[in-house]
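Listed below are the residues making up each chain.
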Amino acid sequence: MAVGVYNSGARANTAAQHQSPGPGATNLQTTDSINEMYRDAWSRFATGVTVITTLEPGGNVHGMTASSVASVSLDPPLVLVVIGENRESHALVESTGRFGLSILDDGQTDIAKHFATPPEVRCEIDPQHFTALSDTPVIANAMAIMDCRVIAAHQAGDHTVFIGEVESIAIGAGKPLVWFQRQFGGFSR
Ligand SMILES: Cc1cc2nc3c(=O)[nH]c(=O)nc-3n(C[C@H](O)[C@H](O)[C@H](O)COP(=O)(O)O)c2cc1C
């Protein structure tokens, strides 16, 4: 079943104190191959799909498709979103201190693709796809929408984990949009 083995130097050294590294425990991979293996491993993790929304200084809505999101705490209600430091959304979440989180349904693949496209090559989007929760923009007709205030930010590698306190929630209906092995799909049971 195994399609590749990667051991970082740090782990290999620790392991070497206890046993000789096996043939798979050498550290010969290039950064490229490690990145590929990391991406392949996570492509096996099926997730839901969200859009993180913020307001640009001119008042336009900015969105970013995101699957690295999680529920953190119930009391107070906290979520986390993980945003690459090069994303435009990173600077906007940092400067506004707020974001909207919309959990997409399986009829919203086009929206997910739109907001996964680099902003400089995105086409126009119909403003009817947006609505507001409190004053924060979110995606209309999503399965669930939340308005969040950033209470902490932790840099981690080339991403930042933003923790948001959920100040408003609205619940919709539908079936979830799923991201698995680099493709959008649906969920059935
Ligand atoms: C399904 C899916 C999930 C994604 N999840 C994240 C994520 O959690 N964090 C992230 O930084 N980028 C994520 N991306 C990439 C961004 O959506 C993409 O880079 C986007 O163009 C960033 O937009 P921005 O630069 O306008 O913020 C994801 C892409 C896809 C297709």
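It should be emphasised that the depicted structure is a prediction, and the values quoted were computed from it without experimental measurement.

Now for the overall build of the chain. Within the chain, the regular secondary structure consists of 4 helices and 12 strands. Burial status across the chain gives 23% buried among its 189 residues. Sequence separation of 24 or more characterises 60% of the internal contacts of the chain that already satisfy a separation of 6 or more.

For the chain, the mean per-residue pLDDT works out to 90, and 87% of the residues sit at or above 70. Taken as a whole, residues 13-21 scores under 50 in pLDDT and shows 5 contacts with residues more than four places along the chain or in a different chain.

Among the 18 residues in the neighbourhood of the ligand, the closest are listed as Ala-66, Ser-68, Arg-87, Ser-89 and Ala-116. Elements represented by at least two residues in the shell around the ligand include exactly β3 (61-66), β5 (78-84), α3 (88-96) and α4 (109-116). Across the shell around the ligand, the residue classes break down as 10 nonpolar, 6 polar and 2 charged.

Let us look at the sheet that holds strand β11 (residues 178-180). An order of β1-β11-β12 is seen for the 3 strands of this open sheet, with the pairing classed as antiparallel. Strands with a single pairing partner mark the edges of an open sheet, and in this sheet they are β1 (47-48) and β12 (183-185). Where β11 meets β12, 3 bridges bridge the pair, whose relative direction is antiparallel. Within the sheet, the bridge partner assigned to Phe-180 lies in β12 and is Gln-183.

Bringing the sheet that holds strand β2 (residues 50-55) into the picture now. Within the open sheet, the 7 strands sit side by side as β3-β2-β6-β9-β10-β5-β4. Their pairing is antiparallel. Every interior strand has two partners, whereas the edge strands, β3 and β4 (69-73), have only one. Mean inter-strand twist for the sheet, computed between neighbouring axes without regard to direction, equals 35 degrees. Looking at chain direction, β4 and β5 are connected through 4 bridges and run antiparallel. If you follow Val-69 over to β5, its bridge partner there is Val-81. Across the sheet, α3 lies against β2, β3, β5, β6 (98-103), β9 (144-156) and β10 (159-171), angled at about 55 degrees from β2, the strand it touches most. Helix-sheet contacts for α4 involve β2 and β3, and the interaxial angle to β3 is about 105 degrees.

Let us now look at the nonpolar core. One recurring pattern in soluble globular proteins is that nonpolar side chains are buried together. By size, the foremost hydrophobic cluster in this structure holds 27 residues, and its most contacted members are Val-51, Ile-52, Val-81, Leu-101, Leu-104, Ile-139 and Ala-142. Every element with two or more residues in this core is listed here: β2, β3, β5, α3, β6, α4, β8 (136-139) and β9. Apart from residues lying up to four places away in sequence, Ala-142 is in contact with Ser-102, Ile-103, Leu-104, Asp-105, Gln-108 and Gly-172.

This part covers the pairing of strand β7 (residues 130-133). Across 4 bridges, β7 lies against β8 in antiparallel orientation. Paired with Phe-130 across the two strands is Ile-139, which belongs to β8. Where β7 folds back onto β8 in an antiparallel hairpin, the turn is made up of 2 residues, including Ser-134, whose phi is positive at roughly 55 degrees.

Reading the values: the criteria
Residues numbered from 1 in each chain as written. Predicted model: local features only at pLDDT ≥ 70, side-chain atom pairs only at ≥ 80, totals over all residues. Helix = DSSP H or I, 4+ residues; strand = E, 2+ residues; numbered from the N terminus. Buried ≥ 20, exposed ≤ 12 C-beta atoms within 10 Å, placed from the backbone. Contact = placed C-beta atoms within 7 Å. pLDDT = per-residue confidence, 0-100. Near = placed C-beta within 6 Å. Nonpolar A, V, L, I, M, F, W, Y, C, P; charged D, E, K, R; others polar. Pairing = 2+ DSSP bridges. Axes fitted to C-alpha atoms, helices over the stretch in contact; angles between N-to-C directions. Core = buried A, V, L, I, M, F, W, Y, C linked by C-beta atoms within 7 Å.

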